[in-house]
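Working through the structure, step by step
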Amino acid sequence: MVGKPTGELPESGAGGGWLNMISGLEREEMLEILCHGFCDHCQSNMEARVQDLFNKKYRNMSISENSSESSPEFKSADSSNLDTSKKSLESSIKSPSWGSLQTPESVYIGKWKESPFTSLPASVNSKQSSSCIGPGSSLSPALPQPQVPDSINKEILEEQKERIGFAQVGRKKNFVHVEKINGKATNVLQGLELHTKVFNADEQKKIVECVYDFQRRGQSGQLRERTYSEPTKWMRGKGRITIQFGCCYNYAVDRDGNPPGIIRDEEVDPLPPLFKQMIKRMVRWHVLPPSCIPNSCIVNIYEAGDCIPPHIDHHDFLRPFCTVSFLTESNILFGSNLKISGPGEFEGPVSIPLPVGSVLILNGNGADIAKHCIPGVPAKRISITFRKMDDSKLPYKFTPDPELQGIRPFVFNPSNNSPVQKRIETEIITPQSVPRTASSTPFSMGKDDFPPLGGSKLVKQRPGSGRSS
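Calculation notes
- The residue numbering used here restarts from 1 in each chain and proceeds along that chain's sequence as written.
- Local features in a predicted model are, by the rule used here, given only for residues with pLDDT of at least 70; side-chain atom pairs are given and counted only at 80 or more, and totals for whole chains, interfaces and linings are based on all residues.
- With hydrogens and water excluded, all non-hydrogen atoms of the structure serve as input to the side-chain values.
- UniProt positions are given in the numbering used here, feature names are shortened, and annotations may be inferred rather than shown by experiment.
- Think of it this way: DSSP has to see at least two bridges between two strands before they count as a pair.
- Helix and strand assignments come from DSSP, with helices taken as H or I runs of at least 4 residues and strands as E runs of at least 2, each series counted from the N terminus.
- Here, residues are in contact when the closest pair of their heavy atoms is within 4.5 Å.
- Fitting a line to C-alpha atoms yields each axis, with helices limited to the stretch in contact; the angle taken between N-to-C directions then spans 0 to 180 degrees.
- Working definition: a ring pair exists when centres of Phe, Tyr or Trp rings (six-membered ring for Trp) sit within 6.5 Å. Plane angles under 30 degrees give stacked, over 60 give edge-to-face, the rest tilted.
- Burial classes follow relative accessibility: with a 1.4 Å probe on protein chains only, a residue under 20% of its type's maximum area counts as buried, one over 50% as exposed, and anything between as partly exposed.

In the annotation of an unreviewed UniProt entry, the chain is listed under the name Fe2OG dioxygenase domain-containing protein and assigned to Heracleum sosnowskyi. Listed in UniProt under the heading Sequence similarities (unreviewed entry), the comment for the chain reads: "Belongs to the alkB family."

1. A few points about the sheet that holds strand β16 (residues 359-362)
Reading across from one edge, β1-β4-β16-β11-β18-β9-β6-β5 is the order of the eight strands in this open sheet, with antiparallel pairing throughout. Because the sheet does not close on itself, it has two edges, and the strands there are β1 (170-172) and β5 (228-229). With three bridges joining them, strand β4 (residues 193-196) and β16 adopt antiparallel strand pairing. If you follow L194 over to β16, its bridge partner there is L360. Against the sheet, helix α8 (residues 273-284) contacts β6 (241-245), β9 (296-302), β11 (321-326), β16 and β18 (381-387), and its axis sits at roughly 70° relative to β18.

2. Regarding the sheet that holds strand β12 (residues 330-335)
Judged by pairing direction, the sheet is antiparallel, and its four strands sit side by side in the order β10-β17-β12-β15 without closing on themselves. For this open sheet the edge positions go to β10 (308-311) and β15 (350-354), each flanked by a neighbour on one side alone. Between one strand and the next, the sheet's axes are offset by a mean angle of 20°, whatever the strand orientation. Note: β12 against β15, five bridges, orientation antiparallel. Pairing of I332 across the sheet is with I352, part of β15.

3. Describing the packing of aromatic side chains
Scanning the model with the defined rule gives six aromatic pairs in all. Between F214 and F245, the aromatic rings sit 5.0 Å apart at their centres with planes inclined by 70°, giving edge-to-face as the arrangement. A residue pair is termed long-range when its members are at least 10 positions apart, and F214 in helix α7 (residues 201-219) and F245 in strand β6 qualify at 31 residues. Residue F214 is classed as buried on the basis of its relative accessible area of 9%. Between F275 and F386, the aromatic rings sit 6.1 Å apart at their centres with planes inclined by 75°, giving edge-to-face as the arrangement. Of this pair, F275 sits in helix α8 while F386 sits in strand β18, placing them 111 residues apart in sequence. Of the two residues, F275 and F386, both sit in the buried class. Through a chain of ring-to-ring contacts, three or more aromatic side chains come together here, namely F214, F245, F275 and F386.

Quick look at the structure:
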């Protein structure tokens, strides 16, 4: 022990005798002191201090919820104010970035993106927490910034962003409209869900650009024959463009005599990588269940006045399925008996607006009893409907995509069980991970010397989980 000889207590007094006492403690004794006996207020402050140390690189990433532009720190994320480790991290990431569009719901963080869906939602407001150790204390200068590996820094950032984005999703599941079906009062909307803010403005922009790219490729003959369809517009409501991925779906008996449904011996282009990222997002964020991960989709490109007539989606596709909306908010009508009142004009008992960036889930009665349709849209619109094919209807040459296997929903668990926290505990705060170094002060805290209070983890997370429309 480095302090006073055994049997003598260090002197105490106004000069900070308690600091002299702890300077003579062994590491294990220091851990014992820091792990027990603090009041809730002090424990909260100390935990905040630990988290601040690990997130010091990101403490300036503060975003105003009421601002329509991102903060200057984000705009200059790749400028000279980045330290060497950040620049190294940036250069190691190859994924494409979203565009430069800045909105209150989207913040582009330079090149710090593992996938296209990693932009930080707008409500993030990193705050510097106070510490119960005053600035005048001699302990303060002895607390160095923990040297967290870049890989863990990136995982921490990604996990924080996912928690925030997940928490911002709006979910409406209580749709009710009762009709008499076979003499029985039935909620024909049972099973419908509307999830909003699933894709922010930057992500929507990238998805729309991807769709337009496929439209150009389809027009120039670069896609398989049945992937792209652009019929002649011979009247209002007729002629929307469709792009199919994963399977060829036949809306009506075709020239070869194939009935409506999946044509198993016809090939179309596979799901694009960006669309697979969309699927992962929806499963991760509890929009789609992991038991029904889509393996096909159809893109609809509407011009003003285009529509989809009343229908129930073919049972070659399992339930639930979903539709994602872009560019223009439009209404979708539901009811067991929808009426056609004119070209592109329909009447029904229930009209549900579909905000851009939202996902509508169709399941239960909402998919199998109620018909649905899209009246003539007021302006250009894009929708992407994702569906899982029945195994007995899979195309003969279909091969499951390994990227879509084993996707698990995001678990919001404030009980310190996240994989990132386990890695931090294993790689950073274990006694073997960081050797103690000589210091000019009697007591110096290394990066593995500052455990959380009252627990074994590093950071305690606080709670803030047929035709296609």
